[in-house]
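As a plain string of letters, each chain reads:
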Amino acid sequence: DEDDGKPLTIAFAQGARFAVSRERIRSRPLRYYARLLMLLSHYRHPIEGYWMEASWYDVFHPEFVQSRSVRCQLPAVGDAFTVGPYVHDLLRKRFIRAASPF
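If you're wondering where the values come from, they're calculated on a predicted model, not measured in any experiment.

Describing the nonpolar core
Judged by nonpolar contacts, Tyr32, Tyr33, Leu36, Met52, Val59 and Phe60 together constitute the single largest core of six residues. Among the secondary structure elements, those contributing two or more residues to this core are α2 (30-41) and α3 (46-60).

Now the structure itself:
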């Protein structure tokens, strides 16, 4: 997804507690998940795991990524979590690599 520079609010189940069908999981090739695991296994910055936790919905629903579709109305909470420009750019590049064709 393109970074338009606008703030993005995402909703996710903390602790990666969610249900997804076998068909939905298998809609992506095994190498996609293997690449995500490889990318996350080689870095020690804790923000990457947090970002992955918040991105599971997008992994399993690429047709409705959170930056383009609002799943529900959330109350305004201010800047509860803000990713700095350096970390944002770092994560964006890593996840773009993970999603790119092999």
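Side note on the packing of α2 against α3
Packing of α2 against α3 brings their axes to within 12 Å, and their N-to-C directions diverge by 165 degrees. Regarding the angle of α2 to α3, the classification is roughly antiparallel. By crossing handedness, the relation of α2 to α3 is classed as right-handed. Every residue of α3 that contacts α2 at Tyr32, Tyr33, Leu36 and Leu40 is listed here: Glu48, Gly49, Met52, Val59 and Phe60. In terms of residue class, the contact of α2 with α3 is made up of seven nonpolar, one polar and one charged.

A word on α3
Relative to the 21 Å expected for 15 residues at 1.5 Å per residue, α3 spans 22 Å between its end C-alpha atoms, a close match to the ideal helical length. Along α3, the largest kink reaches about 45 degrees and is centred on alanine 54. The set of residues buried in α3 consists of Ile47, Glu48, Met52, Glu53, Ala54, Ser55, Val59 and Phe60.

Considerations on the packing of aromatic side chains
Taken as a whole and assessed by the stated rule, the structure comprises five aromatic pairs. Ring geometry for phenylalanine 18 against tryptophan 56: centres 5.9 Å apart, planes inclined by 40 degrees, an arrangement best described as tilted. With a gap of 38 residues between them, phenylalanine 18 in the segment before α1 (22-25) and tryptophan 56 in helix α3 connect regions that are remote in the sequence. Residue classification places tryptophan 56 among the partly exposed residues on the basis of a relative accessible area of 22%. Both rings, one in tyrosine 32 and one in tyrosine 33, keep their centres 5.5 Å apart while their planes meet at 85 degrees; by these two values the pair is edge-to-face. Assigned by exposure class, tyrosine 32 and tyrosine 33 land together as buried. Through a chain of ring-to-ring contacts, the aromatic side chains of Phe18, Tyr32, Tyr33, Trp56 and Phe60 assemble into a single cluster. Looking at arginine 28, its charged tip hangs above the ring of tyrosine 32, at a distance of 4.1 Å from the centre.

Description of the pattern of salt bridges
In this structure the tally under the stated criterion is one salt bridge. Where glutamate 63 meets arginine 24, a salt bridge forms, and the shortest distance between an N and an O atom there is 2.8 Å. With a gap of 39 residues between them, glutamate 63 in the loop between α3 and α4 (85-99) and arginine 24 in helix α1 connect regions that are remote in the sequence. A relative accessible area of 42% means that glutamate 63 is categorised as partly exposed.

Parameters and conventions
- One numbering rule holds for all chains: residues counted from 1, following each sequence as written.
- Only residues with pLDDT of at least 70 get local features here, since the model is predicted, and only at 80 or more are side-chain atom pairs given and counted; chain-wide, interface and lining totals rely on the full set of residues.
- Processing note: side-chain calculations cover all non-hydrogen atoms of the structure and skip hydrogens and water entirely.
- As used here, the term nonpolar core means buried Ala, Val, Leu, Ile, Met, Phe, Trp, Tyr and Cys residues forming a set that is joined through side-chain atoms within 4.5 Å.
- Remark: exposure states derive from per-residue accessible area (1.4 Å probe, protein chains only) relative to the maximum for the residue type, with buried under 20%, exposed over 50%, and partly exposed in between.
- What counts as a helix is a DSSP run of H or I of at least four residues, what counts as a strand is a run of E of at least two, and both are numbered from the N terminus.
- As a rule, the C-alpha atoms of each element are fitted with a line to give its axis, helices using only the stretch in contact, and angles between N-to-C directions run from 0 to 180 degrees.
- Here is the rule for angles: anything less than 35 degrees is roughly parallel, anything more than 145 is roughly antiparallel, 65 through 115 is roughly perpendicular, and the remaining ranges are oblique.
- In a left-handed crossing the near helix is turned counterclockwise from the far helix by less than a right angle, and in a right-handed crossing that turn is clockwise.
- Should any heavy atoms of two residues lie within 4.5 Å, those residues are considered in contact.
- Polar here means any residue other than Ala, Val, Leu, Ile, Met, Phe, Trp, Tyr, Cys and Pro, which are nonpolar, and Asp, Glu, Lys and Arg, which are charged; Gly is therefore polar.
- By this rule, a helix spans an expected 1.5 Å times one less than how many residues it contains.
- To obtain the bend at a residue, axes are fitted to the seven residues ending there and to the seven starting there, and the angle between these axes is taken.
- Aromatic pairs are defined between Phe, Tyr and Trp rings, using the six-membered ring for Trp, whenever the two ring centres lie within 6.5 Å; interplanar angles under 30 degrees are classed as stacked, those over 60 as edge-to-face, and all others as tilted.
- We call a charge positioned above a ring when the Lys NZ or Arg CZ atom is no farther than 6 Å from the ring centre and deviates by at most 35 degrees from the ring normal.
- A carboxyl oxygen of Asp or Glu within 4 Å of a side-chain nitrogen of Lys or Arg is what we treat as a salt bridge.

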